[in-house]
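# Per-entry structural report
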Amino acid sequence: MIIFLLLIFGLVTGYISIMAAGGGALLLVPLVGFLVGPHLVAPILTTGNAIASPFGIFLFWKYINWKVALWLLPGIIPGAIIGAYVYTQMHPLLIEFTVGLFLVSTVFQFGFGRKKKSFIMHLPYFPMLGFVTTLFSSIIGAVGPVQNPFFLNYGLNKEELVATRGVSSLMMHSTKLVAYFHFGALNSELLTYGITIGLGVMVGMLVAKHFLKIISIQRFDSYALSIMFISGLVLIFRVSAQLWEAVA
C-alpha cells in the first residue's frame, strides 16, 4: 500500500514540478513523513529526485542555461556534505520554518504577480544560492521552489527555468545521495521508497511537458508564485503541528 501511494504521490509531484517550476517535492515532505516517519523524509526524497532529475534534463535539454547551472555547482557540493552531516545531528524545525516564511513572502515580493522582478540577480550570486539551498534541502528533504525567485529575477522563464532547475536538482541530489551513504543515513528500504517516488515523478514530468508548451508565460509565472506560496504554508503548518504535538 505504501509503495502504491508513493508512486501516485510521485506522479503528481512530477506534474506540479514542471507546470509550476518546482514545489511538488516540498509538498511531498508532510505526505511521506506521515507514511514512513518525518525523520526518514530527507533520504527518501533525495533518492527519488536523483533518479527523476536525469529524465527531466532529457526532456528539456535544449533549454538549459549552462552558465547558471555551472555557477551553482561550487556551492552545491559543500552544501550537500555539510547538510547531510547536520541532518544526522539535529532537528530541522527552525530551518523549515525559515524556508516556509521565505516562500510565503515571494508572493509579496513579486507584487502578487504584477512585478517581473523583485531584486537584481547576477551570476556571481549563484554559488551562494547553491550552497544555501542544498544545505537546507539536505536537512529538510526538499526546499521546492526556493531557487525560483532567484532564477526569475535573473531572467529565466518557462522551459529554460524548468530545464536549468533540473540540472541544479541533479547536481544537488546526487551529491546529497553520496553524502547520505557516507554518513549511514540510507538503507535498502529507504532506497526502494525513493526509487518508487522517482518513477512516479518521471511519469508526471512526461505528462506535464505537453501542457507546459501551450500555457503562456504569464500563466506559468502565476503557477510558480502560487506553488511557492502553498509550499511555504505547508512548511509553516508542518512545523507548527510538530511544535503543538511536542507541548500538548
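Residues numbered from 1 in each chain as written. Predicted model: local features only at pLDDT ≥ 70, side-chain atom pairs only at ≥ 80, totals over all residues. Heavy atoms only, no water.

Turning our eyes to something else, we now look at the overall build of the protein chain. For the protein chain, the helix and strand inventory stands at ten helices and zero strands. Beginning at the N terminus, the succession of helices and strands in the protein chain can be written as α-α-α-α-α-α-α-α-α-α. The contacts of the protein chain with a sequence gap of at least 6 include a subset with a gap of at least 24, amounting to 87%. Surface accessibility of the protein chain: about 11,100 Å² in total, with carbon and sulfur atoms responsible for 73%. (Helix = DSSP H or I, 4+ residues; strand = E, 2+ residues; numbered from the N terminus. Contact = heavy atoms within 4.5 Å. Areas by Shrake-Rupley, 256 points an atom, 1.4 Å probe, with all protein chains shown as cover.)

We now examine the nonpolar core. Residues Val-32, Leu-72, Phe-126, Ile-197 and Leu-212 are the most contacted members of the largest nonpolar core, which totals 63 residues. Residue contributions to this core peak at nine residues, all from helix H8 (residues 158–182). Non-local contacts of Val-32, meaning those with residues more than four positions away in its chain, are made with Leu-6, Gly-37, Val-41, Ile-44, Leu-45 and Ile-197. (Core = buried A, V, L, I, M, F, W, Y, C linked by side-chain atoms within 4.5 Å. Buried < 20%, exposed > 50% of the residue type's maximum accessible area, 1.4 Å probe, protein only.)

Here we come to the packing of H8 against helix H9 (residues 188–214). Helices that pack against each other are described as a pair by the angle of their axes relative to one another and the distance between those axes. Relative orientation of the contacting elements H8 and H9 amounts to 175°, with a least axis distance of 13 Å. When the interaxial angle is binned, H8 and H9 end up roughly antiparallel. In this structure, H8 uses Lys-158, Glu-159, Val-162 and Phe-181 to contact H9, whose residues at the interface are Leu-191, Leu-212 and Lys-213. Classifying every residue of the contact of H8 with H9 gives four nonpolar, no polar and three charged. (Axes fitted to C-alpha atoms, helices over the stretch in contact; angles between N-to-C directions. Parallel < 35°, antiparallel > 145°, perpendicular 65-115°, else oblique. Nonpolar A, V, L, I, M, F, W, Y, C, P; charged D, E, K, R; others polar.)

Attention now moves to the packing of aromatic side chains. Within this structure, the stated rule accounts for six aromatic pairs. For the ring pair Tyr-15 and Phe-211, a centre distance of 6.2 Å and an interplane angle of 70° mean the geometry is edge-to-face. Note that Tyr-15 is positioned in helix H1 (residues 2–19) and Phe-211 in helix H9, a separation of 196 residues in sequence. Each ring, one from Phe-126 and one from Tyr-154, has its centre 5.4 Å from the other, and the planes form 85°; the classification is edge-to-face. Of this pair, Phe-126 sits in helix H6 (residues 126–140) while Tyr-154 sits in helix H7 (residues 148–154), and the two are 28 residues apart along the sequence. (Phe/Tyr/Trp six-rings, centres within 6.5 Å; stacked < 30°, edge-to-face > 60°.)

This part is about H6. The end-to-end C-alpha separation of H6 is 21 Å, in line with the 21 Å expected for 15 residues at 1.5 Å each. Here H6 lies mainly inside the structure; eleven of its 15 residues are buried. Those residues of H6 that fall on the buried side of the exposure criterion are Phe-126, Leu-129, Gly-130, Thr-133, Thr-134, Leu-135, Phe-136, Ser-137, Ser-138, Ile-139 and Ile-140. (Expected span 1.5 Å × (residues − 1).)

For the rest of this paragraph, the subject is the environment of Ser-231. Inspection of the secondary structure puts Ser-231 in helix H10 (residues 217–247). Considered as a pair, Ser-231 and Pro-145 are 86 residues apart in the sequence and their alpha carbons are 8.1 Å apart.

Our next topic: the confidence of the model for the protein chain. Looking at the protein chain, pLDDT values average 81 and 89% of them are 70 or higher. Element-level mean pLDDT values for the protein chain span from 72 in helix H5 (residues 93–109) up to 89 in H9. (pLDDT = per-residue confidence, 0-100.)

Quick look at the side chain of Thr-196 now. Counting through the fold element by element, Thr-196 comes out in helix H9. Of note is the side chain of Thr-196, whose polar atom sits 2.9 Å from the backbone oxygen of Thr-192. Sequence-distant contacts of Thr-196, that is, excluding residues within four places in its chain, are made with Ile-3, Leu-6 and Leu-7. (Polar contact = N/O pair within 3.5 Å; in protein donor to acceptor, adjacent residues only side chain to side chain.)

Before going further, it helps to examine the packing of helix H3 (residues 41–59) against H8. Two elements in contact, H3 and H8, have axes separated by 8 Å at closest approach and are oriented at 140°. Considering the angle they form, H3 stands oblique to H8. Regarding H3 and H8, the two cross each other, and that crossing is left-handed. Contacts between H3 and H8 pair Ala-42, Pro-43, Thr-46, Thr-47, Asn-49, Ala-50, Ser-53, Pro-54 and Ile-57 from the former with Gly-166, Val-167, Ser-169, Leu-170, His-173, Ser-174, Lys-176, Leu-177 and Tyr-180 from the latter. When its residues are assigned to classes, the contact of H3 with H8 shows nine nonpolar, eight polar and one charged. (Left-handed = near helix turned anticlockwise from the far one by under 90°.)

Topologically, Thr-46 is positioned in helix H3. A relative accessible area of 0% places Thr-46 in the buried class. C-alpha separation for the pair Thr-46 and Leu-170, spaced 124 residues apart in sequence, amounts to 9.8 Å.

So, about the environment of Leu-73. Mapped onto the elements of the fold, Leu-73 is located in helix H4 (residues 66–87). The class of Leu-73 is partly exposed, set by a relative accessible area of 29%. Along the backbone, Leu-73 and Met-171 are 98 residues apart, and their C-alpha atoms lie at a distance of 7.2 Å.

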